[in-house]
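Per-entry structural report
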Amino acid sequence: MTDLQQLKNIKLDYEDNIAIVQLNQENSKVNILSRKMMNEFVPVFNHLKNDDNIKGIIVISAKPGSFIAGADINMFESVKSRDELYQMSRNGQEIMNQIEQSSKPIIAAIAGSCLGGGFEVALACHYRIAMNDKRTGFGVPEVKLGLLPGAGGTQRLLKNLSLSDALDLILAGKEIKAKKAKAMGLVDILVEPIRSDVQDIEEQNIEYLRSIAIRKVKEIVVQKPTKRKFGLMENIKSIIMLNSYVRNYILSQAQAKVMSQTQGLYPAPLKILDVIQQTLENGSKVGLNAEAEAFADLAITNEAKALISLFHGRTECKKNKYGKPEREIKTIAIIGAGAIGAGIAHVSIDKDFQVILYDTTSSALYHGQSQIIKSYQNYIKRNRITSTEYSRILSNLNCQTTFDNLEKCDIIIESVFEDLKLKQNILNELEQYIPEHCIFASNTYILSIHQIAANSRRPHKVIGMHYFSPVDKVELLEIIRAKQTSDNTICTAVSVGLKQGKIIIIVNDSPGFYTTRLLIFSFIELFYLLQEGLLPNDIDKATKKFGFHIGLAILLDSGVASRVAIGQLPPKSNSIAT
Ligand SMILES: CCCCCCC[C@H](O)CC(=O)SCCNC(=O)CCNC(=O)[C@H](O)C(C)(C)COP(=O)([O-])OP(=O)([O-])OC[C@H]1O[C@@H](n2cnc3c(N)ncnc32)[C@H](O)[C@@H]1OP(=O)([O-])[O-]
Ligand SMILES: NC(=O)c1ccc[n+]([C@@H]2O[C@H](COP(=O)([O-])OP(=O)(O)OC[C@H]3O[C@@H](n4cnc5c(N)ncnc54)[C@H](O)[C@@H]3O)[C@@H](O)[C@H]2O)c1
């Protein structure tokens, strides 16, 4: 038994007869349900459950931006057998059941990510209070790891939501913000954050959330909780769900969608559907066992191992291994307001960069500007931003056909036509206007950065930043360092890309870099297949069945190949930077 005086990941506080369990995972940016955390959480919970002086419990996090990010993903990798995974899920379910069945009210006070096992903890609590801010989000992303929620999450989501809403969350693994969670009935109270410019605002917001949770739990202790009353729509929905024809129809629609999106290549969504079907037909006891069986089956698959490895890879690509840039980047000038230039502006203005968008003609500029405005207006329509936020974001965009204000720029991102001479000329011309510290990034998919910088006065400040279309949707950014590119230039480009929300790979300045090189080899194979007499349609079917989103032949037809064809395929090259 853990000594409650020696807790390292939990701080236990009391106010009157209320206990506040504050999670604060040691040496970690986020809280996770690791063995170390659970070895403290379970004894703390049992102690509070049995202490007659304690009338109510609050579970809250001390970490800004993270309530609980789920179970510890590394724990699954260290497990040796399927049985151990089954038992792990069963233990998780048991802990959540104990929370749910506690006679003392337990409130989850949530600020930050509440994901996977973290959401399962919150769902097991009797009451959920959530901060209505950008960093607070709810979801069960297990499917993205090739798994399913294994601590009772499938069951509690089914209980709390309509079948289609539950399927939507579990099968897509998407995150919803606090406001939506409240509208869906998953959150009881929304707390508006304190708006202020003081530095430790997030800590203050946690304090504020805590005070509201204490008030609420005290109220519940006095009044005794009333059972949640279902509204008319919810009652109609649950009556409809009793009809097996309707249930089966919804499940078969969901199955058809999964098959068309994944070609049946991923086992997790199919297992999720199976667990839900078993639950609906046989009740929650069978459902919980099916959930644990499916969790164990899935966690040992190659697909789960590969997807977990992808999670680790993505996490690595979110780090700046070059440290902190010498200067903070405030102003970006984007040269060329085409599809990609406008896209780069789009992902910069909402991150509080000041952006100058430049093009040679007003009509080209207008085209790019309209692309950005239209996207943000769409966000308002879809309630992603308010009109006040829209105005603030758009005020960061300055469109111009002159070189005014370039002396204020910290970075230039050139995104004009794929033409070496043109890119070289622009670099040379702009060097007359930009300040000494400003770095120059070229958005090219194949041209040598070394050659673009051939006539530069300061080649160490020249780098490649290869974005992908559509820039606001594709997370990848390929950063190309030439031999002469300095570490601070790379560090600066990476910090800009990370702030734009990109996942970054850094590669050497070799022909085709990394991504275009892969494409070239795929196209070579495609040409062989066409020469051998295969039809483009059949090649598309085969590549999609293999897991490509878009068929290779249709990709060739989309114009990508003609752009790639301008480049040359080198005999050998080492493109990944070390
Ligand atoms: C009780 C037992 C129950 C067993 C039954 C299973 C129950 C359950 O259904 C299964 C799960 O929850 S499956 C889980 C379902 N949950 C998910 O899939 C959520 C996965 N996490 C995320 O999506 C993102 O990390 C956040 C959005 C949470 C934060 O984003 P951000 O602010 O950009 O931060 P960042 O840079 O991304 O991460 C910072 C550091 O934290 C690390 N780390 C994070 N989560 C971890 C985890 N669960 N694990 C381990 N580590 C995790 C990350 O590796 C990194 O480490 P490093 O050493 O510094 O490199
Ligand atoms: N479109 C894609 O899918 C894609 C993907 C990755 C990389 N790229 C690369 O990104 C760059 C831009 O591509 P795009 O698709 O946005 O092209 P685009 O044709 O849509 O836009 C290019 C813009 O550059 C402007 N321009 C031309 N000369 C200029 C000059 N001297 N000064 C300022 N602006 C000038 C044009 O007016 C036009 O608005 C290219 O190098 C391209 O190869 C494109």
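Every chain is numbered independently, its residues counted from 1 as its sequence is written. For naming, the first written chain is A and the first written ligand is 1, with later ones following in the order written. Selection of residues for local features in this predicted model requires a pLDDT of at least 70, selection of side-chain atom pairs for listing and counting requires 80 or more, and totals for whole chains, interfaces and linings are taken over all residues. Side-chain metrics rest on all non-hydrogen atoms present in the structure, leaving aside hydrogens and water.

**Observations regarding the domain arrangement of the chain**
Selection criterion: An automatic or database domain assignment provides the domain bounds reported here.
Under the domain assignment used here, the chain contains domain 1 (10-308), domain 2 (331-508) and domain 3 (515-566). Look at where the C-alpha atoms of domain 1 and domain 3 centre, and you get two points 42 Å apart.

**A word on helix 4 (residues 117-124)**
For clarity, the threshold we go by: Relative accessible area decides the class of each residue, using a 1.4 Å probe on protein chains only: under 20% of the type maximum gives buried, over 50% gives exposed, and in between gives partly exposed. Starting at the N terminus, helices and strands are each numbered in turn, a helix being any DSSP run of H or I of at least four residues and a strand any DSSP run of E of at least two.
The buried fraction of helix 4 is high, at 8 of 8 residues. Regarding helix 4, the residues found buried are Gly 117, Gly 118, Phe 119, Glu 120, Val 121, Ala 122, Leu 123 and Ala 124.

**Quick look at the site of ligand 2**
Quick note on the threshold: One heavy atom within 4 Å of a molecule or strand is enough for the residue carrying it to be called near that molecule or strand. In protein, a polar contact means a hydrogen-donor-capable atom and an acceptor-capable atom, both N or O and within 3.5 Å, with residues adjacent in sequence counting only if both atoms are side-chain atoms; elsewhere, any N or O pair within 3.5 Å suffices. Each accessible area value is a Shrake-Rupley result obtained with a 1.4 Å probe; residue values ignore everything except the protein chains displayed when judging cover.
In the vicinity of ligand 2, 23 residues are found, and the nearest of them are Ile 340, Asp 359, Glu 418, Lys 423 and Asn 443. Within the contact set of ligand 2, an oxygen atom lies 3.0 Å away from a backbone nitrogen or oxygen of Val 416. The separation between an oxygen atom of ligand 2 and a polar side-chain atom of Lys 423 is 2.9 Å. Relative to its free-state accessible area of 820 Å², ligand 2 is covered by the protein chains to the extent of 79%. For the shell around ligand 2, the element with the most residues is helix 17 (residues 420-430), which contributes 3 residues.

**Structural notes on the UniProt feature "domain: 3-hydroxyacyl-CoA dehydrogenase C-terminal" (unreviewed entry) in the chain**
Heads up, the condition is: UniProt positions are given in the numbering used here, feature names are shortened, and annotations may be inferred rather than shown by experiment.
In this numbering, the UniProt entry assigns the feature "domain: 3-hydroxyacyl-CoA dehydrogenase C-terminal" (unreviewed entry) to residues 512-557. For residues 512-557, the helix share is 74%, the strand share is 0%, and the end-to-end C-alpha distance is 19 Å.

**Concerning the site of ligand 1**
Keep this limit in mind: In this classification, Asp, Glu, Lys and Arg are treated as charged, Ala, Val, Leu, Ile, Met, Phe, Trp, Tyr, Cys and Pro as nonpolar, and every other residue, Gly included, as polar.
Looking at ligand 1, there are 26 residues lining it, with Ala 71, Gly 117, Glu 142, Lys 318 and Lys 319 nearest. With respect to ligand 1, the backbone of Gly 117 contributes an N or O atom lying 2.8 Å from an oxygen atom. Take Lys 318: an N or O atom from its side chain is 2.8 Å from an oxygen atom of ligand 1. Coverage of ligand 1 by the protein amounts to 79% of the 1,100 Å² it exposes when considered alone. Within the residue set of the shell around ligand 1, elements represented by two or more residues are helix 2 (73-78), strand 6 (113-115), helix 4 and helix 13 (302-316). Examining the composition of the shell around ligand 1, we find that 3 residues originate from one element, helix 2, more than from any other. Broken down by class, the residue content of the shell around ligand 1 amounts to 13 nonpolar, 7 polar and 6 charged.

**What to know about the sheet that holds strand 7 (residues 127-131)**
Quick reminder of the rule: Strands are treated as partners if at least two bridges between them are detected by DSSP. Note on geometry: axes are lines fitted to C-alpha atoms, helical ones only across the stretch in contact, with angles between N-to-C directions running from 0 to 180 degrees.
Taken in spatial order, the 6 strands of this open sheet run 1-2-3-5-7-10, and their pairing is mixed. Sheet topology places strand 1 (10-15) and strand 10 (189-191) at the edges, where each strand pairs with a single neighbour. Taken pair by pair, the neighbouring strands of this sheet meet at an average axis angle of 20 degrees, ignoring direction. Sheet topology note: the strand 1/strand 2 (residues 18-23) ladder contains 6 bridges and is antiparallel. Looking at strand 2, one finds that Leu 12 is bridged to Val 21.

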